[in-house]
Amino acid sequence: MTLSYDISGDGPTVVLLHSSVCDRRMWDPQLAPLHEVGHRVVRCDFRGFGETPVADRPFSDAEDVCDLLDQLGLERLTLIGSSHGGEVALEVAALRPAAVTAVALLCAGMPGHVPSPALRVYNQRKKALLAAGNIPAAVELSLTTWMGPDADDSARERVQAMQRHAFEVQRAAVYASAPACVDLAQITAPCLAVSGAHDLVDFREIAARMPGLVARARHIELPWAGHFPSLERPQEVSEVLTRFLEETCPTAT
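Within any chain, residue numbers begin from 1 and follow the written order of that chain's sequence. Only residues with pLDDT of 70 or above have their local features reported here, since the model is predicted, and side-chain atom pairs are shown and tallied only from 80 upward, although totals for entire chains, interfaces and linings are computed over all residues. To get the side-chain values, all heavy atoms of the structure are used, and hydrogens and water are removed first.

K.L.:
Run through the overall build of the protein, naming residues and quoting values.
P.N.:
A count of helices and strands for the protein gives 9 helices and 7 strands. The globule rule is 2.2 Å times the number of residues to the power 0.38, and the radius of gyration it is compared with is taken over C-alpha atoms. The globule rule puts the C-alpha radius of gyration for 253 residues at 18 Å, and the 17 Å found for the protein is close to it. For the protein, the C-alpha atoms occupy an extent of roughly 50 × 40 × 35 Å along the three principal directions. Here the protein holds 253 residues, and 53% of them are scored as buried. Any two residues whose heavy atoms approach within 4.5 Å at even a single point are treated as in contact. Across the protein, every contact between residues at least 6 apart in sequence was considered, and the portion connecting residues at least 24 apart equals 76%. Across the protein, the 22 positively charged side chains and the 32 negatively charged ones have centroids separated by 4 Å. A run of DSSP states H or I qualifies as a helix once it reaches four residues; a run of E qualifies as a strand once it reaches two. Both are numbered from the N-terminal end. Each residue is placed in one exposure class: buried if its accessible area under a 1.4 Å probe, protein chains only, is under 20% of its type's maximum, exposed if it is over 50%, and partly exposed if it falls in between. Asp and Glu are treated as the negative residues and Lys and Arg as the positive ones, with His and the ends of the chain left uncounted. Here the site of a charge means NZ on Lys, CZ on Arg, CG on Asp, or CD on Glu.

And the structure:
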């Protein structure tokens, strides 16, 4: 299967990987800032999100992304991932260390992470609501859990639409993504791990641990952020990302 994707801009390539709440539209606010600093941007939808249909066989999001990179002939690229997309970015960077020149993680998951009690409760409540066919309540649960205090109505409406679409499409899903088997020590690229002070403890701890797991990683925490800082304060997060790209991709103009 080919993931649905779009490409825009010119220059060194940045691949944007979305969360498991949203789809590639979550990156709309970052497109213009990335173009302005001289980057070509590739965005894709994982299976069961956005314009990519659900899977008809076992699959791995990381392997799907690697297949897309091959299809597009991308041999050098930066990865930026949000939440589950950050977990996928780590997997791809470990699988293809020679290709990935930098990794930026926004409140990322991590392969092998054991959920905290709070995250388990969220997952159990979400599963029960979806099993009962109560998609509106499941969407509201996601908004309450993941959106930080600085999220305005526009950001909430954007996430609401993407989450509702994912829940509706995935009602027909039989298969879920299986994590790739990777060793994070294989990642050689510089890595920026961003956490939000208002996020669940899982994602704060993952970001804080990253410098001990990836040789060239550093961690910053945004005191105002929830789980989706790129939507909560898009301009501020775009500046964080473009500064990181200027440090790691000096050929960008």
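K.L.:
Can you explain the packing of aromatic side chains? Please cite residues and give values.
P.N.:
Pairing of aromatic rings covers Phe, Tyr and Trp, the last through its six-membered ring, and needs centres within 6.5 Å; plane angles under 30 degrees mean stacked, over 60 mean edge-to-face, and all others mean tilted. Per the stated rule, a full pass over the model turns up 2 aromatic pairs. Ring geometry for Tyr122 against Trp146: centres 5.1 Å apart, planes inclined by 75°, an arrangement best described as edge-to-face. Residue Tyr122 is found in helix H4 (residues 117-131), and its partner Trp146 is found in helix H5 (residues 135-146); the two are separated by 24 residues along the sequence. Aromatic pair Trp146 and Phe203: ring centres 5.8 Å apart, planes at 75°, arrangement edge-to-face. Here Trp146, found in helix H5, pairs with Phe203, found in helix H7 (residues 201-213); they are 57 residues apart in sequence, far enough to count as distant. As far as the burial class goes, Trp146 and Phe203 line up, both buried. Put simply, the rings of Tyr122, Trp146 and Phe203 pair up and form one aromatic cluster.

K.L.:
Requested: an account of the environment of Ile80, with residues and values cited.
P.N.:
Of note, Ile80 is situated in strand E4 (residues 77-82). Classification of Ile80 as buried rests on a relative accessible area of 1%. Note: C-alpha distance between Ile80 and Asp45 (35 residues apart in sequence) is 14 Å. If near-sequence neighbours (up to four positions away) are discounted, Ile80 is found in contact with Val14, Val15, Leu16, Leu17, Trp27, Ala104 and Leu241.

K.L.:
Run through the pattern of salt bridges, naming residues and quoting values.
P.N.:
By salt bridge we mean one thing: a side-chain nitrogen of Lys or Arg within 4 Å of a carboxyl oxygen of Asp or Glu. Inspection of every chain in the model, using the stated rule, returns 16 salt bridges. Asp64 serves as the salt-bridge partner of Arg47, at 2.7 Å between the closest nitrogen and oxygen. Taken together, the positions of Arg47 in the loop between strand E3 (40-44) and helix H2 (61-72) and Asp64 in helix H2 put the pair 17 residues apart, joining distant regions of the chain. For the residue pair Arg47 and Asp64, the accessibility class agrees, reading buried in each case. Ionic pairing is found between Glu236 and Arg233, a salt bridge with its closest N-O pair at 3.1 Å. Using a relative accessible area of 30% as the deciding quantity, one classes Arg233 as partly exposed.

K.L.:
Help me get a handle on the sheet that holds strand E1 (residues 5-8), residues and values and all.
P.N.:
If you walk across this open sheet you meet the 7 strands as E1-E3-E2-E4-E5-E6-E7, and the pairing is mixed. Each of the sheet's edge strands pairs with one partner strand only, and the pair in question is E1 and strand E7 (217-222). Across the sheet, the mean angle from the axis of one strand to that of its neighbour is 15°, orientation sign disregarded. Only strands that DSSP links by at least two bridges are regarded as paired with each other. When strand E2 (residues 13-17) meets E3, the two strands line up parallel, connected through 4 bridges. Directly across from Thr13, in E3, lies its bridge partner Arg40. Between N-to-C directions, angles cover 0 to 180 degrees, with each direction set by a line fitted to C-alpha atoms, over the stretch in contact for helices. Contacting strand E5 (100-106), strand E6 (191-196) and E7, H7 runs over the sheet at an angle of about 155° to E6. Lying over the sheet, helix H9 (residues 234-248) contacts E2, E4, E5, E6 and E7, oriented at roughly 160° with respect to E5.

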